[in-house]
Amino acid sequence: MMNASVLSQVQDIIKNNDQAEFVLSAIVRLIGESLQCDRCFLYLRHPVTQMGKVPFCWRRHDQIPLVFDADWKPEPPDLANDDPMFAAALRAEPSIFVEDVETAAPQVLNRTFEQKNFGHRALIHAHLCRNGQLWGVLQPCVFDRPRIWTDADRHLIATIEPEILPFAIAYVAP
């Protein structure tokens, strides 16, 4: 089974490396490739200071827009109002699987915001939370077509979230 292999690879990465930067970079790539996505990035944030950045982004090819920000920046004050998925993440709600940005309910996402800022058609908004605090969002996505996220995809993300959370926290607050 593909997911068993991916989970085994995740365990190997974690077991053989203790550097958060290496682990997170390798897992972002692994998730993007294994889910056959066009792009996968990881947004990391400090829940107290509300400073964030996107230090890890994998793309299938160079024509896919890069989401990358090497510098810590304050989150826009209206982000939770403009982005219902981010608001859900701040409330430590379960991760969100969007099969089609074009047809998703407005309570789930702000289509204009998604199109302007990300350009993807389908995505996973995986919330990395501990004790009700958001430390990051892992976001695999596809462009140009809807995507049905299978039960196996959902299980993979649910299994990986707690595995990478300690590395996200270590990266943000070493």
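Keep in mind that this is a model prediction, so the values were computed, not measured. (Residues numbered from 1 in each chain as written. Predicted model: local features only at pLDDT ≥ 70, side-chain atom pairs only at ≥ 80, totals over all residues. Heavy atoms only, no water.)

Caption draft 1: Geometry of the overall build of the protein chain. Along its length, the protein chain carries six helices and six strands. Here the C-alpha atoms of the protein chain give a radius of gyration of 15 Å, agreeing with the 16 Å that 2.2 N^0.38 yields for 174 residues. Dimensions along the principal axes, computed over C-alpha positions, put the protein chain at roughly 40 × 40 × 30 Å. The 174 residues of the protein chain split such that 50% are buried. Looking at the protein chain alone, contacts between residues at least 24 apart form 61% of all its contacts between residues at least 6 apart. Surface exposure of the protein chain reaches about 8700 Å², of which carbon and sulfur atoms provide 51%. Taking the average location of the 16 positive side-chain charges in the protein chain and that of its 22 negative ones, the two points are 1 Å from each other. (Helix = DSSP H or I, 4+ residues; strand = E, 2+ residues; numbered from the N terminus. Rg over C-alpha atoms; globule rule 2.2 N^0.38 Å. Buried < 20%, exposed > 50% of the residue type's maximum accessible area, 1.4 Å probe, protein only. Contact = heavy atoms within 4.5 Å. Areas by Shrake-Rupley, 256 points an atom, 1.4 Å probe, with all protein chains shown as cover. Lys, Arg positive; Asp, Glu negative; His and termini not counted. Charge placed at Lys NZ, Arg CZ, Asp CG, Glu CD.)

Caption draft 2: Inspection of the pairing of strand β1 (residues 39-45) at higher detail. Counting buried positions along β1 gives seven out of seven residues, so the element sits mostly inside the fold. Side chains of β1 alternate between two faces, with Arg39, Phe41, Tyr43 and Arg45 and Cys40, Leu42 and Leu44 buried alike. Bridging between β1 and strand β2 (residues 51-59) involves six bridges; their strand directions are antiparallel. Paired with Leu44 across the strands is Lys53, a residue of β2. (Pairing = 2+ DSSP bridges.)

Caption draft 3: Representation of the side chain of Arg39. Along the polypeptide, Arg39 turns up in strand β1. For the buried residue Arg39, which engages in no salt bridge, the nearest side chain bearing the opposite charge is Glu114, 7.4 Å off. Polar side-chain contacts of Arg39 include one of 3.2 Å to the backbone oxygen of Phe118. Filtering out sequence-adjacent residues up to four positions away, Arg39 remains in contact with Cys57, Trp58, Arg59, Ile64, Pro65, Val67, Phe118, His120, Gln139, Pro140, Cys141 and Phe143. (Salt bridge = Lys/Arg side-chain N within 4 Å of Asp/Glu carboxyl O. Polar contact = N/O pair within 3.5 Å; in protein donor to acceptor, adjacent residues only side chain to side chain.)

Caption draft 4: View of the side chain of His125. Examined against the element boundaries, His125 turns out to sit in strand β5 (residues 122-130). Ignoring any residue separated from it by four or fewer positions in sequence, one finds His125 in contact with Met85, Phe86, Ala89, Ser95, Ile96, Val137, Leu138 and Gln139.

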